[in-house]
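Listed here are the chains, written in short residue letters.
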Amino acid sequence: IEFRQNYSNLATRPYATAFRTQDSPFDPEHIRHLVALLRLMCPGIPIHADPATWVAEESLVDVARWLASICLFSVPTYSMDWDRVPAEHRRLVRWWNDWYQAHRDDIHQSRLRLLSDDPRLNCLALISPRRVIAGLFAKQPPAPVRLTGISPRPLTLFNGTAEQALTLELPGWQECQYQTRDLNGQPVASGNFAESGIIEVPLAGMCELVPQGGSDT
């Protein structure tokens, strides 16, 4: 039994097997916004994104931003004719689906935090007991990207902005190692990080940061 956005709330939770956002064809920004609203209103409930649809002419960066929008914060679903989807797009879908499967418990057993005052909710973080998952989708990222009141734990940060240099401020995160990946999930660079600094993250790529002594599981 699926309840759409207008009927999704804590009162209807006992009667539904899925909460899903409203229809938003070809609009990943709006889908992500609706997912965030549902997560804020119905914490602890897995939210299903409206099925993703894009055209074959979409750039790899835009497809990766599409996939991150639904895989970072919700249960991803698709409405595509896969025989007509370019091979490089299908590779991105496989990579993001694998990433989602590996992290879905943390995604759905977490609380949502806003990382900026952007009314479009373009900078979000999920905080679970084991991990932080964050996504930046505004063209200009917050400066700095600041996480306070969170003890060190593995952090995944997706860069959906138009900038590669991201300034991070993580008070109390003394000694960490990071690995950046491109939009295909391939390793790019690694290094050390302590509390604050700038990390170069490829467009539509991600940074995985692990406190010393932590485990990236």
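Residues numbered from 1 in each chain as written. Predicted model: local features only at pLDDT ≥ 70, side-chain atom pairs only at ≥ 80, totals over all residues. Heavy atoms only, no water.

Caption draft 1: Quick peek at the sheet that holds strand β1 (residues 2-4). What the three strands build is an open sheet, ordered β1-β2-β3; its pairing is parallel. The open sheet has two free edges, formed respectively by β1 and β3 (47-48), since each of these has just one partner strand. Where β1 meets strand β2 (residues 18-20), three bridges bridge the pair, whose relative direction is parallel. Paired with phenylalanine 3 across the bridge in β2 is phenylalanine 19. (Pairing = 2+ DSSP bridges. Helix = DSSP H or I, 4+ residues; strand = E, 2+ residues; numbered from the N terminus.)

Caption draft 2: Seen up close, the packing of aromatic side chains. Counted according to the given criterion, the structure contains seven aromatic pairs. Taking the centre distance of 6.3 Å and the plane angle of 45 degrees together, the rings of tryptophan 54 and tryptophan 66 count as tilted. Here the residue tryptophan 54 occupies a position in the loop between β3 and α2 (60-71), and tryptophan 66 occupies one in helix α2, the gap between them amounting to 12 residues. When its relative accessible area of 5% is taken as the criterion, tryptophan 54 is described as buried. On the accessibility criterion, tryptophan 66 (3% relative accessible area) is buried. Here tryptophan 96 and tryptophan 99 contribute two aromatic rings whose centre-to-centre distance is 5.5 Å and whose plane-to-plane angle is 65 degrees, an arrangement assigned as edge-to-face. (Phe/Tyr/Trp six-rings, centres within 6.5 Å; stacked < 30°, edge-to-face > 60°. Buried < 20%, exposed > 50% of the residue type's maximum accessible area, 1.4 Å probe, protein only.)

Caption draft 3: Spatial organisation of the pattern of salt bridges. Under the counting rule described, the total for this entry stands at 11 salt bridges. The closest approach of N and O atoms between arginine 20 and glutamate 2, which form a salt bridge, is 2.7 Å. One end of the pair, arginine 20, is in strand β2; the other, glutamate 2, is in strand β1, with 18 residues separating them in the sequence. Taking the relative accessible area as the measure of exposure, arginine 20 reaches 12% and is therefore buried. Here glutamate 2 falls in the partly exposed class, since its relative accessible area comes to 39%. Arginine 4 is paired through a salt bridge with aspartate 50; the nearest N and O atoms lie 3.8 Å apart. One end of the pair, arginine 4, is in strand β1; the other, aspartate 50, is in the loop between β3 and α2, with 46 residues separating them in the sequence. When its relative accessible area of 5% is taken as the criterion, aspartate 50 is described as buried. Several salt bridges converge on common partners, so that one network encompasses Glu2, Arg4, Arg20, Asp23 and Asp50. (Salt bridge = Lys/Arg side-chain N within 4 Å of Asp/Glu carboxyl O.)

Caption draft 4: Molecular detail of the sheet that holds strand β12 (residues 196-200). Judged by pairing direction, the sheet is mixed, and its three strands sit side by side in the order β7-β9-β12 without closing on themselves. Of all the strands in the sheet, just β7 (145-146) and β12 have a single pairing partner and so form its edges. Where strand β9 (residues 165-169) lies against β12, five bridges are found, and the strand directions are antiparallel. Directly across from leucine 168, in β12, lies its bridge partner glycine 197.

Caption draft 5: Spotlight on the side chain of asparagine 159. With respect to the helices, strands and loops of the structure, asparagine 159 is situated in strand β8 (residues 155-159). Filtering out sequence-adjacent residues up to four positions away, asparagine 159 remains in contact with Leu136, Gln164, Leu166, Val201, Pro202, Leu203, Ala204 and Gly205. (Contact = heavy atoms within 4.5 Å.)

Caption draft 6: Representation of the packing of α2 against helix α3 (residues 87-108) in the model. Closest axis-to-axis distance for the α2/α3 pair is 10 Å, and the angle between their directions is 25 degrees. Judged on the interaxial angle alone, α3 and α2 are roughly parallel. Remark: the crossing between α2 and α3 carries right-handed chirality. In contact with Leu60, Val63, Ala64, Leu67, Ala68 and Cys71 of α2, α3 contributes Glu88, His89, Leu92, Val93, Trp96, Asn97, Trp99, Tyr100 and Ile107. (Axes fitted to C-alpha atoms, helices over the stretch in contact; angles between N-to-C directions. Parallel < 35°, antiparallel > 145°, perpendicular 65-115°, else oblique. Left-handed = near helix turned anticlockwise from the far one by under 90°.)

Caption draft 7: Seen up close, the environment of serine 110. If you trace the backbone, serine 110 turns up in the loop between α3 and β4 (111-114). Between the alpha carbons of serine 110 and leucine 126 there is a distance of 5.7 Å; along the sequence they are 16 residues apart. At 3.2 Å, the side chain of serine 110 and the backbone oxygen of aspartate 106 are in polar contact. (Polar contact = N/O pair within 3.5 Å; in protein donor to acceptor, adjacent residues only side chain to side chain.)

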